[in-house]
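For reference, the chains in residue letters:
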Amino acid sequence: MIGNTVVPSTFTAKTGDEIRWVNTATTTAHVFFADNLDGQLSCQKGFAFEGWDYLFSSEPGFFVVAKLRPKDFASVCFSLPGTYPYTVRVEKREKTEDVKITGTITIE
């Protein structure tokens, strides 16, 4: 669940389990993986698989990202064991800094 935090942000799942992010915030949220996940996923919904990291930093780089409007969701299923770090950025309506939360998925 994505709001002002991500609950849970770090968790363990089994190969093939669906990992789903649901945006309960009132603004758009972005879930992204900085690593190339090519060949490591057995399913996905709502993620784009290539692009440049123009949304998150001044340094260009590869990313895998899902843009979630309020009440929307995105999901992935990992086909290989490993540890997969990700970041969630929740946009703010005010002129304050967006909320940025990091997490880790461990696949057994």
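You'll find the structure just up there.
Starting from 1, residues in each chain are numbered consecutively following that chain's sequence as written. In view of the model being predicted, local features appear only for residues whose pLDDT reaches at least 70, and side-chain atom pairs are presented and counted only at 80 or more, with totals across whole chains, interfaces and linings using the full set of residues. Hydrogens and waters are ignored; side-chain quantities use all the structure's heavy atoms.

> Which residues make up the overall build of the protein chain, and what values go with them?
When its secondary structure is counted, the protein chain shows zero helices and eight strands. We count a stretch as a helix when DSSP gives it H or I for four or more residues in a row; a strand needs E for two or more, and each element gets its number in order from the N terminus. Each helix (α) and strand (β) of the protein chain, taken in turn from the N terminus, gives the series β-β-β-β-β-β-β-β. Residue exposure (1.4 Å probe, protein chains only): buried if accessible area is under 20% of the type maximum, exposed if over 50%, otherwise partly exposed. Counting all 108 residues of the protein chain, 39% fall into the buried class. Contact criterion: two residues are considered in contact whenever any of their non-hydrogen atoms come within 4.5 Å of each other. Nonlocal contacts in the protein chain, meaning residues at least 24 apart in sequence, comprise 69% of its contacts between residues at least 6 apart. Accessible area of the protein chain: about 6,200 Å², with a carbon and sulfur share of 52%. Surface exposure here means Shrake-Rupley accessible area, sampled with a 1.4 Å probe, where a residue is shielded only by the protein chains that are shown.

> Account for the state of the cysteines, naming residues and giving values.
Cysteine sulfurs are considered disulfide-paired once they come within 2.5 Å of each other. Across all of its chains, the model carries one disulfide by this definition. Note on cysteine connectivity: C43 is disulfide-linked to C77, with sulfurs 1.9 Å apart. Classification of the bridge connecting C43 and C77 rests on its S-S torsion, roughly 60°, and on that basis the disulfide is right-handed. Here C43 is found in strand β4 (residues 41-45), whereas its partner C77 is found in strand β6 (residues 73-78), with 34 residues between them in sequence. Taking the relative accessible area as the measure of exposure, C77 reaches 5% and is therefore buried.

> Describe the side chain of H30, with residues and values.
Tracing the sequence through the fold places H30 in strand β3 (residues 29-33). Judged by relative accessible area, which is 3%, H30 ranks as buried. By the criterion applied in these results, polar contacts are pairs of N or O atoms within 3.5 Å in which, for protein atoms, one can donate a hydrogen and the other can accept it, and in which residues neighboring in sequence qualify only through two side-chain atoms. Among the polar contacts made by the side chain of H30, one reaches the side chain of E91 at a distance of 3.0 Å.

> I'd like a rundown of unusual backbone geometry, residues and numbers included.
The linkage connecting V7 with the following residue, P8, adopts the cis geometry, with an omega of -15°. Positionally, P8 belongs in the segment before β1 (10-13). Its identity is not glycine, yet K71 carries a phi of approximately 70°, on the positive side.

> Residue-level account of the sheet that holds strand β8 (residues 99-107), with values.
Read from one edge of the open sheet, five strands run β1-β8-β7-β3-β5, paired in mixed fashion. The open sheet is flanked by β1 and β5 (64-68), the only strands paired with a single partner. Sheet twist, expressed as the mean angle between neighbouring strand axes with direction ignored, is 20°. For strand β7 (residues 82-90) and β8, the ladder comprises nine bridges, and the chain directions are antiparallel. Bridge pairing in β8 places P85 opposite T104. If DSSP finds at least two bridges between two strands, the strands pair. Simply put, an axis is a line fit to the C-alpha atoms, just over the touching stretch for a helix, and the angle between two N-to-C directions goes from 0 to 180 degrees.

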